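What follows is the residue order along each chain.
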Amino acid sequence: MSLELSAPAQSEPACADDGVWLECIECGEQFAPFDEIHYTCADCDGLLEVRYADPPTFEEFEGRGVWRYNAALPFEEGVTLPEGDTPLHEAPRLREDIGVDSLRVKHEGMNPTGAFKDRGMTVGVAVAKELGVGRLACASTGNTSAALAAYGARGGMETLVLLPKGKVAAGKIAQASLHGARILEVDGNFDSCLDIVQELAALGEVYLLNSLNPFRLEGQKTIGFEILEKHYEDYGEYPDRIVLPVGNAGNTAALYKAFRELVASGALEESEVPTLTGVQAEGAAPMVEAVQNGRDEVRRWDDVETRATAIRIGNPVNAPKALPGIYNTGGTAVAVSDDQITAAQRQLAEEGIGVEPASAASVAGLRKLRESGEISADESVVCLTTGHLLKDPDAAFEAGGDPEPVPNDTDAVLEHINDGSTGSRSALETTVSRVSNAVKSSLLPAVAGGLAAYLGYRKLRRKND
Ligand code: F0G
């Protein structure tokens, strides 16, 4: 099974364990899955994929959450909190405003630690236990560290996380800290943290649980299964397109793998596979650069910056798996500005969907591609929102309204809220403008009645004071 969408199921090699093995996507070398630790190919250093002799069909899926899909996973069950089974929200105003046939928002922020990483960790920590390793570790822009800390704690294992100093949102560090991870703040960006943790893993000091570890992506594949199943249940068809934020490109690779496996089993037609569309922040867009130049390789960006700190990544390690996913599904990649990300974060919030900035990149990207005409009005689209609003409270405060100080007094609070403005407009000014507006409309009796009642109430209050 190559990375082609049409690749057929493979026969089981001698090294397989119960129909499961690891295979290099570059040279095809195959490895036993649980005898030794492999992150990349021992021969050529290419990325590894978990392969199965029996690709899954929809009929085999039963139960809820990630482990509903154990027919497509290396184990029956893992270290679970439990995870998955996240909502596929409708967003009617946003759909209308952006102008697509249907729009659903797959909110991965509703996982136990508030991000999709839990899907990867429930599998990854189970593999760590199978391998009998000691210390678990990852580099992280925040969410991976929170998930590793929680799942490591659940599995009773020691965890170590390397974070870029000053560039991780408060909620994420708080989680890693409380769940008991040892937190190392590196004076560098995410990519340097990953370089270091890979070296520690090569020395045998830690077991690496970044998405370079092929088992992480197995869990994340289940996002794709859930989207397909729910969309089909609601509309009788699969979505035309899935738009997702891209950092290390793990999810892009994982969704593509989910689709390939369903095509290999005959459960899904090639023509039914959704188009994968990646979105990056303008200040950290090496994948977009590669796709726009039709390249098969990504050039590492050494300087990256964006308000969406979760995707502040210059070297997407899963690009060799993700780029074929974009190209072979007829997809594309687009970069959006931080202001476009914040605007999308607000628009999602107006629909009651609270996400962190990186997540909103998917919606910002959809809008941009719709405006440029690259996405047409008749498409059914799913946007992936990857992390919860509370992950990054500072960004939420910046995007949202400011609290208004009020005196400790009901009368004054009433006066303040009826003022209708958050600035220096007096209640009298507001009332005058409301009355004059109402005179122009048929609302006058209602406003006059309201005003009389309000003045009567004020008088009563004064008497009682
Ligand atoms: N969205 C959020 C909220 C993320 O935390 C990440 C990655 C991504 C999107 C990008 O996903 O790597 O699969 O393309 N966060 C990692 C971390 C890097 O350390 O938490 P990807």
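What comes next concerns the included structure. (Residues numbered from 1 in each chain as written. Predicted model: local features only at pLDDT ≥ 70, side-chain atom pairs only at ≥ 80, totals over all residues. Heavy atoms only, no water.)

**Here we look at the overall build of the chain**
So, step 1. Tallying secondary structure elements over the chain gives 15 helices and 13 strands in all.
So, step 2. The 465 residues of the chain split such that 56% are buried.
So, step 3. Across the chain, every contact between residues at least 6 apart in sequence was considered, and the portion connecting residues at least 24 apart equals 70%.
So, step 4. A total of about 19,700 Å² of accessible surface is found on the chain, and carbon and sulfur atoms cover 47% of it. (Helix = DSSP H or I, 4+ residues; strand = E, 2+ residues; numbered from the N terminus. Buried < 20%, exposed > 50% of the residue type's maximum accessible area, 1.4 Å probe, protein only. Contact = heavy atoms within 4.5 Å. Areas by Shrake-Rupley, 256 points an atom, 1.4 Å probe, with all protein chains shown as cover.)

**Considering the sheet that holds strand 7 (residues 159-164)**
Either a parallel or an antiparallel arrangement is found when strands of a sheet pair, and the pairing is made through backbone hydrogen bonds.
So, step 1. With parallel pairing, four strands are arranged side by side in an open sheet as 8-7-6-9. Bordering the open sheet on either side are strand 8 (182-186) and strand 9 (207-208), each of which pairs with just one other strand.
So, step 2. Pairing between strand 6 (residues 136-139) and strand 7: four bridges, direction parallel. Residue pairing in the sheet places Ala139 in a bridge with Leu162 of strand 7. (Pairing = 2+ DSSP bridges.)

**Comments concerning the packing of helix 2 (residues 117-131) against helix 6 (residues 214-235)**
So, step 1. Where helix 2 meets helix 6, the closest approach of the two axes is 7 Å, and the angle between their N-to-C directions is 140°. Judged by the angle between their axes, helix 2 and helix 6 are oblique. When you trace helix 2 past helix 6, the crossing you get is right-handed. Between helix 2 and helix 6, the contacting residues are Lys117, Arg119, Gly120, Met121, Val123 and Val127 on the first element and Phe215, Arg216, Glu218, Gly219, Gln220, Thr222, Ile223 and Glu226 on the second.
So, step 2. Of the residues that constitute the contact of helix 2 with helix 6, the class distribution is five nonpolar, four polar and five charged. (Axes fitted to C-alpha atoms, helices over the stretch in contact; angles between N-to-C directions. Parallel < 35°, antiparallel > 145°, perpendicular 65-115°, else oblique. Left-handed = near helix turned anticlockwise from the far one by under 90°. Nonpolar A, V, L, I, M, F, W, Y, C, P; charged D, E, K, R; others polar.)

**Some thoughts on the site of the ligand**
So, step 1. Close to the ligand lie 20 residues; Ser140, Thr141, Gly247, Asn248 and Thr386 are nearest.
So, step 2. In the model, an oxygen atom of the ligand is placed 2.8 Å from a nitrogen or oxygen of the Thr141 main chain.
So, step 3. Contacts to the ligand include Ala249, whose backbone N or O atom sits 2.8 Å from an oxygen atom.
So, step 4. Here the ligand has 480 Å² of accessible area as a free molecule, and 99% of this is covered by the chains.
So, step 5. At the level of elements, helix 3 (143-154) and helix 7 (250-265) are the ones that each hand at least two residues to the shell around the ligand.
So, step 6. The residue makeup of the shell around the ligand, split by class, is seven nonpolar, 11 polar and two charged. (Near = heavy atom within 4 Å. Polar contact = N/O pair within 3.5 Å; in protein donor to acceptor, adjacent residues only side chain to side chain.)

**Overview of the packing of helix 10 (residues 338-350) against helix 11 (residues 357-371)**
So, step 1. Between helix 10 and helix 11, the least distance of the axes is 7 Å, while the angle of their chain directions is 100°. Compared by their axis directions, helix 10 and helix 11 come out roughly perpendicular. Side by side, helix 10 and helix 11 meet where Gln340, Ile341, Ala344, Gln345, Gln347 and Leu348 of the first sit next to Pro357, Ala360, Ala361, Val363, Ala364, Arg367 and Lys368 of the second.
So, step 2. Here the residues of the contact of helix 10 with helix 11 are counted per class, giving eight nonpolar, three polar and two charged.

**Some thoughts on the sheet that holds strand 3 (residues 48-52)**
So, step 1. The strand order across the open sheet built from three strands is 2-1-3, with neighbouring strands paired in antiparallel fashion. Lying at the two open borders of the sheet, with one neighbouring strand each, are strand 2 (30-31) and strand 3.

**Brief notes about the pattern of salt bridges**
So, step 1. Under the definition given, this model contains 29 salt bridges.
So, step 2. Across the pair Arg299 and Glu289 runs a salt bridge, and its minimum N-O distance is 2.8 Å. In this pair, Arg299 is assigned in the loop between helix 8 (286-292) and helix 9 (319-328) and Glu289 in helix 8, connecting sequence segments 10 residues apart.
So, step 3. What emerges from the salt-bridge pattern is a single network uniting Glu23, Glu49, Arg51 and Arg260. (Salt bridge = Lys/Arg side-chain N within 4 Å of Asp/Glu carboxyl O.)

**Looking at helix 11**
So, step 1. With 15 residues, helix 11 ought to run about 21 Å at 1.5 Å a step, and its terminal C-alpha atoms sit 21 Å apart, in line with that.
So, step 2. Burial analysis of helix 11 places 12 of its 15 residues in the buried class, the great majority of the element.
So, step 3. Looking at helix 11, one finds that the buried residues are Pro357, Ala358, Ser359, Ala360, Ala361, Ser362, Val363, Ala364, Gly365, Leu366, Arg367 and Leu369. (Expected span 1.5 Å × (residues − 1).)

**What about the side chain of Arg104?**
So, step 1. Within the secondary structure, Arg104 sits in strand 5 (residues 102-107).
So, step 2. For Arg104, a relative accessible area of 4% translates into the label buried.
So, step 3. A distance of 3.5 Å separates a polar atom in the side chain of Arg104 from the backbone oxygen of His89.
So, step 4. The contacts of Arg104, once residues within four sequence positions are left out, are Leu88, His89, Glu90, Lys230, His231, Asp234, Tyr235, Val381, Val382 and Cys383.

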